[in-house]
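# A structural walkthrough
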Amino acid sequence: MENSNCKSCETPSNRAFAFCILHFALHAKPPILGVLLLLTLATTLAAQRQSAAPAPGTAAVPDLEGGWVRIDIDGSGSFNGLAAKFPRAVLTPAAQAAVAEQGKRAAQPRFDFARDPSKPRPAGEGYVVTDGNCSLPGGVEPNSAAFHVVQSRDQVLIVRENPGLPRTIYMDGRAHPDLSRLTPTAVGHSTGRYDAGTLVVETIGLAQGNVTAGGWRTPETRLTERYRVSSDGRRLTTTYTWEDAKIYVKPHTYQIVAERTPPGSWAFESWCDSSDPSQRLSIVPPAQKE
Amino acid sequence: MNARAPLLIVGSLIAVFAATTSAHHSFAMFDMDKDVTYKGVVTEYKWSNPHVHITVEIKAEPGVDPATVGIWDVEGGSQNIMGRQGWTRASFKPGDPITLVGHPMRDGSKGISLFYVILPDGTRMYHDIARPKSEGAPPKP
Amino acid sequence: MRRAACILFAVVISATPSAQSSPDISGFWELSFDSRRVPAASLLPAVTPAVLAKRTEHDAHAIRWCNFLGLPMAMDSPRPINIRQGRREIVINFETVATPRHLYFRPSHPNMEIFDPTTNGDSIARWEGDTLIVDTIGFDGGKGVTMIPGGGYRTSDSHLIERFRLLNDALLSVTSTWQDAKVFRTPHTYEFRYVRAPRLYEAQPPLACNPFDEQRAAFLSPSATGGR
């Protein structure tokens, strides 16, 4: 190869290196060596252009981006019945005891209307049903509010339209921190990867509590979610699998389906003001005409 | 006690604290197994949070169920939940006729948890994602 | 032969789709003590000290009751903001009491007749070269913290234009220009420069805000006199 001056060879950047190779190739003797160098450079640069994360909407990566709203595919009759047809969790005796204990706490009536349903409120006097606190912890499953997904190169972010923690799914290959360094939350710590058109998310570090369809979780419990979009791009099916040898006799699995929000729709804000007395109220019986 | 235990205790406290401070309320005060149809006139439409409220007046007329006569407070969902079901702040106004299906209060007071309204063209506008037990969208592949 | 090789080279390169044709501002970005350049705003005569005092009172209520902060305060957070750039939108999430921002890559805002105004408004975005231009309207002037750095406050008529530009891989410039015929004599512009957080930074839950914490309420009370 002819030895040529190549000022750009001294610069460390990829672009300068490419120009350097190009320079040698164009002045190489014999010319066939230059051709081979050019072809090698071209394919290397092409590979680099494609080495950023594959674009969503390809065979490898589902197009999850946008707004989604859960749908009631079973005809539940009410929000409380949405999981009625899900397979029930099969728990260890210790986990059954924990669920029963939590159920006792939840059954305690918190507000006076629930303590004595024989005394209806008079007109104008509202039923106080919450303490008016606007903060919600969030969670790993959608509720009736829409949720929005954005896929960036090394992170998938899921935000709800209800108050609550977002789901930050790290896609850069990082591992979960040790549990001793995690503060458990309603959304835990999530890492993800794409697997043949499916987003697979692994989560640990969830705050102790109930799981849909009779399950239970602690920060050590592992949740695996598989997000798959239908071929027409309009439905998202997420399969939830909970595993924890101390809690589940076998993995606890169910699916939730969501539909994409219409094109052109926008995210809503769920306004709440704890100073507003109506924040605590449900029904206010109206005055009746004589 | 290992180093992880304090974090687990904190996590438990977070879970319990979150449950007691939630702004969401249960539907226990309504008879959720009863779907009653009400036909009346809107006197007030409050597009508000935490719940949209519709005040409906039902007059005693031939063909009207006497049990539904009166002035009712109909509670819907939050603005954003109802917005995803097609509702807007302009969906109703005072004076509009309304036909709705809802769940009455267990204690007999004039309150209703809205299930859905039936629009003049026969379509339904639900207050949230739940659908009647006989229905449900078939899953697509 | 060299000419043929060059042509072949050009064809291979140009035929390969580029993974990213505009800059990617995704990342965790934070403000440092020297990140803000904020001139004084030129306010209309109608914006009197009494008007500003009422605004201050309104904002104090929002803070006291842990209301969603909204713009511009959410972008002036002591914690990193998480910007995630997708194909159809950019989401900015905050580790404070603020709802996420959605910056849609679309040409127009929704019908404001049915749009419910929010603390963040509705944002549409487009690239102009290496600059992301974000246009926001649809604010609710009665919600959240409304005061604007440099003076003035957000109303339901406010119009915000932001310019996001990577100065280098570790520095993101965001220039905000507020226009409001009820508040500003001339458009009010200021710049924040965000520093990229360390690569392995992880999102944290927001700092707790309990509106029923009496000690906190006393601390924030206008009549509080400080001290221990």
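Predicted, not measured: the structure shown is a model, and the values here were computed from it.

### As for the overall build of chain B
Summing up its helical and strand segments, chain B has 2 helices and 6 strands in all. When its helices and strands are written in sequence order, chain B yields α-β-β-β-α-β-β-β. Per-residue burial for chain B yields a buried fraction of 38% across its 141 residues.

### Overview of the overall build of chain A
Looking only at helices and strands, chain A features 4 helices and 11 strands. Counting across all 290 residues of chain A, residues that qualify as buried make up 41%. Sequence-distant contacts, at least 24 apart, represent 54% of the contacts inside chain A between residues at least 6 apart.

### So, the interface of chain A and chain B
Contacts between the two partners involve 61 residues from chain A, matched on the other side by 54 residues from chain B. Going through the elements one at a time, strand S1 (66-70) and helix H4 (112-115) of chain A are the ones with two or more residues in the side of chain A that touches chain B. When grouped by side-chain class, the residues that make up the side of chain A that touches chain B number 30 nonpolar, 23 polar and 8 charged.

### Brief notes about the environment of Ile118(B)
All names here are of chain B. Its location among the elements puts isoleucine 118 in strand S5 (residues 111-118). The partly exposed category is assigned to isoleucine 118, around which 15 C-beta atoms lie within 10 Å. With 20 residues separating them in the primary sequence, isoleucine 118 and isoleucine 98 have C-alpha atoms 7.6 Å apart. The residues contacting isoleucine 118, other than those within four sequence positions of it, are Thr99 and Arg124.

### Focus on the sheet that holds strand S10 (residues 235-243) of chain A
With mixed pairing, the 9 strands of this closed barrel are ordered in space as S1-S2-S3-S4-S5-S6-S9-S10-S11 (chain A). Recorded for the sheet is a direction-independent mean angle of 30° between the axes of neighbouring strands.

### Thoughts on unusual backbone geometry
Negative phi values dominate among residues other than glycine, just as trans dominates among peptide bonds. Backbone torsion omega between Asn49(B) and Pro50(B) reads 5°, so that peptide bond is classified as cis. Position of Pro50(B) among the secondary structure elements: in the loop between strand S1 (36-46) and strand S2 (53-58). A cis geometry characterises the amide bond from Leu71(C) onward to Pro72(C), with omega recorded as 5°. Here Pro72(C) is to be found in the loop between helix H2 (49-64) and strand S3 (81-85).

### Thoughts on the nonpolar core
Membership of the largest hydrophobic core comes to 73 residues, with the highest contact counts inside it found for Trp68(A), Val149(A), Leu69(C) and Ala74(C). Ranked by residues supplied to this core, first place goes to strand S3 (residues 155-160) of chain A with 4 residues. Counting 17 residues, the second largest nonpolar core, distinct from the first, contains Val187(A), Leu206(A), Ala207(A) and Tyr240(A).

### What to know about the environment of Ala146(A)
With respect to the helices and strands, the residue Ala146(A) is situated in the loop between H4 and strand S2 (147-151). Separated by 57 residues in sequence, Ala146(A) and Ala89(A) have C-alpha atoms that sit 26 Å apart. Sequence-distant contacts of Ala146(A), defined by excluding residues within four places in its chain, comprise Gly67(A), Trp68(A), Val69(A), Glu161(A), Thr261(A) and Arg84(B).

### Observations regarding H2(C)
For H2(C), built from 16 residues, the straight-helix expectation of 22 Å at 1.5 Å per residue is met to within 8% by its first-to-last C-alpha distance of 22 Å. Directly after H2(C), the chain includes Cys66(C), whose backbone phi takes a positive value near 55°.

### Some thoughts on the confidence of the model for chain A
Interpretation of this model should avoid reading the predicted coordinates in detail wherever pLDDT is low. Averaged over every residue, the pLDDT of chain A is 85; residues scoring 70 or more account for 80%. Note that pLDDT drops below 50 for residues 1-13 of chain A; the model gives that stretch 18 contacts with residues more than four away or on any other chain.

### Overview of the pairing of strand S6 (residues 198-204) of chain A
All names here are of chain A. Sheet topology note: the strand S5 (residues 189-195)/S6 ladder contains 7 bridges and is antiparallel. Counted as the bridge partner of serine 190 is threonine 203 from S6. Counting the residues that bridge the hairpin from S5 to S6 gives 2 residues, and of these alanine 196 lies at a positive phi of roughly 50°. Taken together, the 5 bridges between S6 and strand S9 (residues 222-229) define a ladder with antiparallel strand orientation. Within S9, the position partnered with threonine 203 by the bridge is leucine 223.

### Here's the deal with the pairing of strand S3 (residues 70-75) of chain B
Bridge count between S2(B) and S3(B): 6 bridges; the pairing is antiparallel. Opposite His53(B), over in S3(B), you have Glu75(B) as the bridge partner.

### Observations regarding the confidence of the model for chain B
All names here are of chain B. Looking at chain B as a whole, its pLDDT mean stands at 83, while 77% of the residues score no less than 70. Counting contacts from residues 1-23, a segment whose pLDDT is below 50, to residues more than four positions away or on other chains yields 35 contacts. The complex prediction reports pTM at 0.85, with the ipTM value standing at 0.89.

### A few points about helix H3 (residues 93-107) of chain A
An α-helical segment advances 3.6 residues per turn. Residues three or four places apart therefore align on the same side. Counted at 1.5 Å a residue, the expected span for H3(A) with its 15 residues is 21 Å, and the 21 Å between its end C-alpha atoms agrees. Sparse coverage of H3(A) is indicated by the burial of 1 of its 15 residues.

Parameters and conventions
- Along each chain, residues carry numbers from 1 onward, in the same order as the chain's sequence is written.
- Key to labels: chains lettered from A, ligands numbered from 1, both in the order written.
- In view of the model being predicted, local features appear only for residues whose pLDDT reaches at least 70, and side-chain atom pairs are presented and counted only at 80 or more, with totals across whole chains, interfaces and linings using the full set of residues.
- Each helix is a run of H or I in the DSSP string that is no shorter than four residues. Each strand is a run of E no shorter than two, and both are numbered from the N terminus.
- Residues are called buried when their C-beta atom has 20 or more other C-beta atoms within 10 Å, exposed when it has 12 or fewer, and partly exposed otherwise; all C-beta atoms are positioned from the backbone.
- The contact rule is simple: place each C-beta atom from the backbone, and if two of them lie within 7 Å, those residues are in contact.
- Each residue receives one of three labels: charged for Asp, Glu, Lys and Arg, nonpolar for Ala, Val, Leu, Ile, Met, Phe, Trp, Tyr, Cys and Pro, and polar for the others, Gly being one of them.
- Two strands qualify as a pair provided that DSSP identifies no fewer than 2 bridges between them.
- Note on geometry: axes are C-alpha line fits, over the in-contact stretch for helices, and angles between N-to-C directions span 0 to 180 degrees.
- By convention in this section, buried Ala, Val, Leu, Ile, Met, Phe, Trp, Tyr and Cys residues joined through C-beta atoms within 7 Å make up a nonpolar core.
- One less than the number of residues in a helix, times 1.5 Å, gives the span that helix is expected to have.
- Think of pLDDT as the predictor's per-residue confidence, scored from 0 to 100.

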